[in-house]
Amino acid sequence: MKIDVVTIFPGMFAGVFAEGMVARAAQAATCTIGVHDLRRWAEGRHQVTDDYAFGGGPGMVMKPEPFFRAVGELKAPGGRVILMSPQGRPFTQSVAAELATLPQVLLLCGRYEGVDERVRLALCDDEISIGDYVLTGGELPAMVVIDAVVRLLPGVLAEGSAEGDSFATGLLEGPQYTRPREFAGIAVPEVLISGDHGAVARWRRREALRRTLERRPDLLASAPLTEEDRRILAELSQPPVI
Ligand code: 9D3
């Protein structure tokens, strides 16, 4: 897979791509990541990428021409051009999984007050937001998308890790423990030390259901639940008899 990013702040990506799993994916040649300075496609001695908004108003708008030239040069066959924008479709685990199947993802990052509408209308196949909060640009969202996509590529995670993702099972994860067996006056639950794999699996499922019910009950509506899960949920919803 090829991932390309077009930005006026290419330096922001250095740390993310130098360390951790994204770096490992790039080294393993699972994917090639290219970060491209939009100014390369800007004109004039000052390589200007923004301009005043027609109709007036505060703030600058990013010019269309540099984006069109960048995409003309960088887009590969079957590639998807995605504008990072607060008005985009919400980014979720299933969007990440969809992007991970493509031969190329080409992310365009905006700055200032926004991007000329022609970029959206005539250049982009998709538009993504990472959530309902206002950031200063599309760079951090692009890093979020790249991180979520890269870890789904074959050979990046330990076998089976992605399948266990809380958003893949539709539930939040329950508590996890490592050594020591007792710390801060809190003991590791006995079942986890028991060696009874069946009991451990049942306990983990129950704790995942408990945590989801407490914190994200909205997830239960679309989680794939068994009859036994529903019985446990009913029990957990029942106020304890004292
Ligand atoms: C004053 C202008 N804004 C009205 C609320 C529009 C605006 C344009 C560009 C606001 C923020 C930005 C910069 N953000 C992004 O480019 C962005 C973003 C975000 O801010 N939140 C969540 N996801 C994304 S993806 C790109």
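Conventions used here
- Residues numbered from 1 in each chain as written.
- Predicted model: local features only at pLDDT ≥ 70, side-chain atom pairs only at ≥ 80, totals over all residues.
- Heavy atoms only, no water.
- Domains from an automatic or database assignment.
- Pairing = 2+ DSSP bridges.
- Helix = DSSP H or I, 4+ residues; strand = E, 2+ residues; numbered from the N terminus.
- Axes fitted to C-alpha atoms, helices over the stretch in contact; angles between N-to-C directions.
- Contact = heavy atoms within 4.5 Å.
- Near = heavy atom within 4 Å.
- Polar contact = N/O pair within 3.5 Å; in protein donor to acceptor, adjacent residues only side chain to side chain.
- Areas by Shrake-Rupley, 256 points an atom, 1.4 Å probe, with all protein chains shown as cover.
- Nonpolar A, V, L, I, M, F, W, Y, C, P; charged D, E, K, R; others polar.
- Buried < 20%, exposed > 50% of the residue type's maximum accessible area, 1.4 Å probe, protein only.

Colleague: Account for the domain arrangement of the protein, naming residues and giving values.
Modeller: For the protein, the assigned domains read domain 1 (2-150) and domain 2 (193-237). Summarising the inter-unit geometry, the C-alpha centres of domain 1 and domain 2 are found 39 Å apart.

Colleague: Requested: an account of the sheet that holds strand E1 (residues 2-7), with residues and values cited.
Modeller: Read across the sheet, five strands follow the order E2-E1-E6-E5-E7 without closing on themselves; strand pairing throughout is parallel. Each having just a single partner strand, strand E2 (32-37) and strand E7 (126-129) make up the two edges of the open sheet. In this sheet, neighbouring strand axes are inclined to one another by 30 degrees on average, regardless of whether the strands run parallel or antiparallel. One ladder, built from five bridges, connects E1 with strand E6 (residues 104-109); its direction is parallel. Bridge pairing in E6 places Ile3 opposite Val105. Its contacts with the sheet place helix H3 (residues 64-74) against E1, E2, strand E5 (80-90) and E6, and it is angled at close to 165 degrees to E6.

Colleague: Would you mind going over the site of the ligand in detail, with residue names and values included?
Modeller: As a structural note, the neighbourhood of the ligand is formed by 16 residues, with Glu113, Ile130, Gly131, Tyr133 and Leu135 the closest of them. In the model, a nitrogen atom of the ligand is placed 3.5 Å from a nitrogen or oxygen of the Ser129 side chain. Within the backbone of Gly138, a nitrogen or oxygen atom sits 3.4 Å from an oxygen atom of the ligand. Surface burial for the ligand is 75%, taken as the share of its 570 Å² of free accessible area covered by protein chains. Contributions of two or more residues to the shell around the ligand are made by E5 and E7. With three residues, the single largest contributor to the shell around the ligand is E5. Looking at the shell around the ligand residue by residue, the classes come out as nine nonpolar, six polar and one charged.

Colleague: Can you lay out unusual backbone geometry for me, pointing to particular residues and giving the numbers?
Modeller: Between Arg179 and the following residue, Pro180, the backbone shows a cis peptide bond with an omega angle of 0 degrees. Within the element layout of this structure, Pro180 appears in the loop between helix H7 (166-169) and strand E8 (182-183). The phi dihedral of Tyr112 is positive, around 55 degrees, even though this residue is not glycine. Tracing the chain through its elements places Tyr112 in the loop between E6 and helix H5 (117-122). The class for Tyr112 is partly exposed, based on a relative accessible area of 36%.

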